[in-house]
Amino acid sequence: MQIIAGTYRGQKIKSSPSRDIRPCSSRVKKSLFDTLVARVDFEEMVVLDLFAGFGNMGFESLSRGAGFVYFVDRHADALKSMQDTATHLGVSEQVSIVRSDVSVFLQRTAERFDLVFCDPPYSWPDYKTLIERIAGTDILSDDGLMLVEHSANLDFQASPYYLMHKDYGMTRVSFFQHQEGSL
């Protein structure tokens, strides 16, 4: 895995051989950031990378100008890899790496986020509650975006926060927004 554009373009994102962590594929990441770059200004954004794994999406956001990224994961291998990447890139002051269950983190945070990446295990039991807990509250800034990676078998078009989705084979990424609006 490496950063594909911006200040840290070409830099490697540290990883481990853990089977518990499924990083976003390079193809999906490139497509998502192509979509985002055409619609948002990353400059000084506050980003939340939930189920962060090795931090692929968050570090890409930092490279493109995000001001601060919160990484949340519960796997020790993931946390160590993210810390190693932050140190390697010299961005330790621009990140918070949190070891927590995502649901617990969302209950406790008082921060508002401009962009939320959410890549739960495909077996996650309640996507609807997760989406509501973020897009339906002040966790997501008024014009903020939430992207959820999930199985293409799931469809969230009935959600009041749904904007669009993109399919990549068996993977789908759905976009949500706090306020009514369109991409």
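Structure shown above.
Residue positions are given per chain, counted from 1 along the sequence in the order it is written. Totals for whole chains, interfaces and linings use all residues, but because this is a predicted model, local features are given only for residues with pLDDT of at least 70 and pairs of side-chain atoms are given and counted only at 80 or more. Side-chain measures were taken over the full set of non-hydrogen atoms in the model, leaving aside hydrogen atoms and water.

As for the pairing of strand E2 (residues 68–73)
Selection rule: Relative accessibility thresholds used throughout: buried, under 20% of the residue-type maximum; exposed, over 50%; partly exposed, between the two (1.4 Å probe, protein chains only). Under the DSSP-based scheme used, a helix requires at least four consecutive residues in state H or I and a strand at least two consecutive residues in state E, with every element numbered from the N terminus. Two strands qualify as a pair provided DSSP detects at least 2 bridges between them. By convention a crossover is right-handed if, when the strands point away from the viewer, the path from the first strand over the helix to the second runs clockwise.
For E2, the tally of buried residues reaches five of six residues, placing the bulk of the element in the interior. When strand E1 (residues 46–50) meets E2, the two strands line up parallel, connected through five bridges. Bridging across to E2, Leu48 finds its partner in Tyr70. Taken together, E1, helix H2 (residues 56–63) and E2 form a β-α-β motif whose crossover is right-handed. A crossover connection joins E2 to the parallel strand E3 (residues 95–99) through helix H3 (residues 76–89); in handedness this β-α-β unit is right-handed.

A look at helix H5 (residues 127–135)
Our working rule: Directions drawn from the helix axis to the C-beta atoms are what define this arc. Residues are treated as being in contact if the distance between any of their heavy atoms lies within 4.5 Å.
Looking only at H5, the buried set comprises Tyr127, Leu130, Ile131, Ile134 and Ala135. One side of H5 holds all its buried residues, which, seen down the axis, span an arc of 105 degrees. Buried residues along H5 sit in contact with E1, helix H4 (102–108), strand E4 (113–118), strand E5 (140–151) and strand E7 (171–177).

Quick look at the packing of aromatic side chains
Threshold: Here the aromatic set is Phe, Tyr and Trp, taking the six-membered ring for Trp, and pairing holds for ring centres within 6.5 Å; pairs whose planes are under 30 degrees apart are stacked, those over 60 apart are edge-to-face, and all others are tilted.
Evaluated as defined, the whole model comprises nine aromatic pairs. On the basis of an interplanar angle of 75 degrees and a centroid distance of 4.9 Å, the ring pair of Phe51 and Trp124 is categorised as edge-to-face. A residue pair is termed long-range when its members are at least 10 positions apart, and Phe51 in the loop between E1 and H2 and Trp124 in the loop between E4 and H5 qualify at 73 residues. Taking the centre distance of 4.7 Å and the plane angle of 35 degrees together, the rings of Phe59 and Phe71 count as tilted. Linking Phe59 in helix H2 with Phe71 in strand E2, this pair joins segments that are 12 residues apart in sequence. By relative accessible area, which is 0% here, Phe59 ends up buried. Under the relative-accessibility criterion, Phe71 is labelled buried at 0%.

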